[in-house]
Every structure is written in C-alpha cells, then in structure tokens.
Amino acid sequence: MVVKEELAKLGLHYTAVELGEVQILETISAEQHDQFQAALLKSGLELMDDKKSILIGKIKDVIIDLVHYSEEPLTINLSQYLGQKLNHDYTYLSNLFSEVQGITIEKFFITHRIERVKELLVYNELNLTEIAYQMHYSSVAHLSAQFKKITGLTPSYFKQLKDKRRSMLEDL
C-alpha cells in the first residue's frame, strides 16, 4: 500500500505491485527516482533497483516461504529447488548470495529453520518430535544438534528458559 501511495503522489502509473517488484508504465526521471527512494526510506522500505539486489531478495523470499509457509517437504535438494524456482544456475545464485550477504544460502536456510523451530517451541502446541516431523528433519537428534549449533542451547533448555521467564512474569 505504501508503494502504491508513493507512486500515486509522484503521478506514476503501474501495472503491478508485488512483494519486491513494481512495474511502472512510464520512464521515470532521475528526480522522480530520488523522490520515490526517499519516500520509501521514510516508510522503512528500500528501493532495490539493481538486478543483483532484486535476485538476492527473491532468494530470501523463496527460502522464507519454504520454511515458514510450506507444508510439503522438499523432494529435491535446496540447490535444485532454488535453481528451478528462480531460473538461474545455483552456483551463480550461491556465489552472488555469499558475496553480498556474507553467509551461504545453506546457512541462511538453516538459520530460518531454527527460527521457525523456536517459534514452534514458544507456541508450546507441539512436542519436539512433532516439530522435527513438521519441519522435515530426519530425526529429533538432527534437529537438536542443528539447534544447539545455531543457538548454543538445546531445544529443551530453550523451552525451559521461556517457561521460567513466563512464570517470573506471572509472579509480578
């Protein structure tokens, strides 16, 4: 909505406004570009007008959708999935992502998986076995090892900390 409002203020017409992408009908002047960029920054958004930045944004979006919103397990390697989804060679995607972000795609993927596991632990609706199954880990041991490697804590200790904090708040 913010993007649409700012385009309207500048008198620019568009055919599509989607997450991370805008298709503008006319050619915009350098002044309009600068005004649009400044308006987006005030709203906490960033104008990404170079193709590499846009591609990195798409890589992140695909991974986040996969981790947080997809129920289906990956039936192919993450590298194949990204290559097919984004129509690029995975080696190119991987090198670009690592160069710009300072971490590998795999590390980004694992970090998001662990963040999702943390959310599920906090919700307290599923036990660790159910979370491992839902997040498509091969075993609870694999999930626990990855969780500890990323957070420095075991999943059960993380959950105890959350429970302890909640009981302390209830005592206030």
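Rules and cut-offs
Residues numbered from 1 in each chain as written. Predicted model: local features only at pLDDT ≥ 70, side-chain atom pairs only at ≥ 80, totals over all residues. Heavy atoms only, no water. Helix = DSSP H or I, 4+ residues; strand = E, 2+ residues; numbered from the N terminus. Phe/Tyr/Trp six-rings, centres within 6.5 Å; stacked < 30°, edge-to-face > 60°. Buried < 20%, exposed > 50% of the residue type's maximum accessible area, 1.4 Å probe, protein only. 1 Å grid on protein atoms, 1.4 Å probe; cavity = no way out; pocket = protein on both sides within 12 Å on 5 of 7 lines; lining within 4 Å. Points joined across faces, edges and corners; volume = space filled by probe spheres on them. Nonpolar A, V, L, I, M, F, W, Y, C, P; charged D, E, K, R; others polar. Core = buried A, V, L, I, M, F, W, Y, C linked by side-chain atoms within 4.5 Å. Contact = heavy atoms within 4.5 Å. Expected span 1.5 Å × (residues − 1). Axes fitted to C-alpha atoms, helices over the stretch in contact; angles between N-to-C directions. Left-handed = near helix turned anticlockwise from the far one by under 90°.

1. Focus on the environment of T91
Here's step 1: Along the chain, the position of T91 falls in helix 5 (residues 90-101).
Here's step 2: Taking the C-alpha atoms as reference points, T91 and K58, 33 residues apart in sequence, are found 16 Å from one another.

2. Observations concerning the packing of aromatic side chains
Here's step 1: Within this structure, the stated rule accounts for two aromatic pairs.
Here's step 2: Aromatic pair F97 and F108: ring centres 5.4 Å apart, planes at 65 degrees, arrangement edge-to-face. Taken as a pair, F97 in helix 5 and F108 in helix 6 (residues 105-123) lie far apart in primary sequence, 11 residues in all. The two residues F97 and F108 agree in class, both being buried.
Here's step 3: Aromatic pair F147 and F158: ring centres 5.6 Å apart, planes at 70 degrees, arrangement edge-to-face.

3. Describing the layout of surface pockets
Here's step 1: Space inside the second largest pocket adds up to approximately 360 Å³.
Here's step 2: Around the second largest pocket, the lining is made up of 22 residues, and of these L66, F109, R113, M135 and H136 lie nearest the centre.
Here's step 3: Those elements giving two or more residues to the lining of the second largest pocket turn out to be helix 3 (51-69), helix 6 and helix 8 (140-151).
Here's step 4: When the residues that make up the lining of the second largest pocket are grouped by side-chain class, the tally is 10 nonpolar, seven polar and five charged.

4. Looking at the nonpolar core
The tendency in soluble globular proteins is for nonpolar side chains to be buried as a group.
Here's step 1: I63, L82, I105 and V117 are the most contacted members of the largest nonpolar core, which has 28 residues in total.
Here's step 2: Where this core is concerned, the elements lending two or more residues are helix 3, helix 4 (78-86), helix 5, helix 6, helix 7 (128-134) and helix 8.
Here's step 3: The element that contributes the greatest number of residues to this core is helix 6, accounting for eight residues.
Here's step 4: Excluding anything up to four places from it in sequence, V117 contacts I131, M135, Y137, L143 and F147.
Here's step 5: Within the second largest apolar cluster, five residues are counted, among which are V3, L7, L12 and L40.

5. Quick notes on the environment of I114
Here's step 1: When you line up the elements, I114 lands in helix 6.
Here's step 2: Residue I114 is classed as buried on the basis of its relative accessible area, which comes to 0%.
Here's step 3: Distance in space between the C-alpha atoms of I114 and Y92 is 26 Å, their sequence separation being 22 residues.

6. Digging into helix 6
Here's step 1: A rise of 1.5 Å per residue sets the reference length of helix 6, with its 19 residues, at 27 Å; its end C-alpha atoms lie 27 Å apart and thus fit the reference within 8%.
Here's step 2: Residues of helix 6 that are buried: I105, F108, F109, I110, H112, R113, I114, R116, V117, L120 and L121.
Here's step 3: Just downstream of helix 6 lies N124, where phi reads positive at about 65 degrees.

7. What to know about the packing of helix 3 against helix 6
Helix-helix packing: each pair is described by the crossing angle between the helix axes and the interaxial distance.
Here's step 1: For the pair helix 3 and helix 6, interaxial distance at closest approach is 10 Å and the crossing angle is 35 degrees. The two elements helix 3 and helix 6 cross, and the hand of that crossing is right-handed. Each of I59, K60, I63, I64, L66, V67 and H68 in helix 3 lies in contact with helix 6, whose residues at this interface are I105, F108, F109, H112, R113, R116 and E119.
Here's step 2: Partitioning the contact of helix 3 with helix 6 into residue classes produces eight nonpolar, two polar and four charged.

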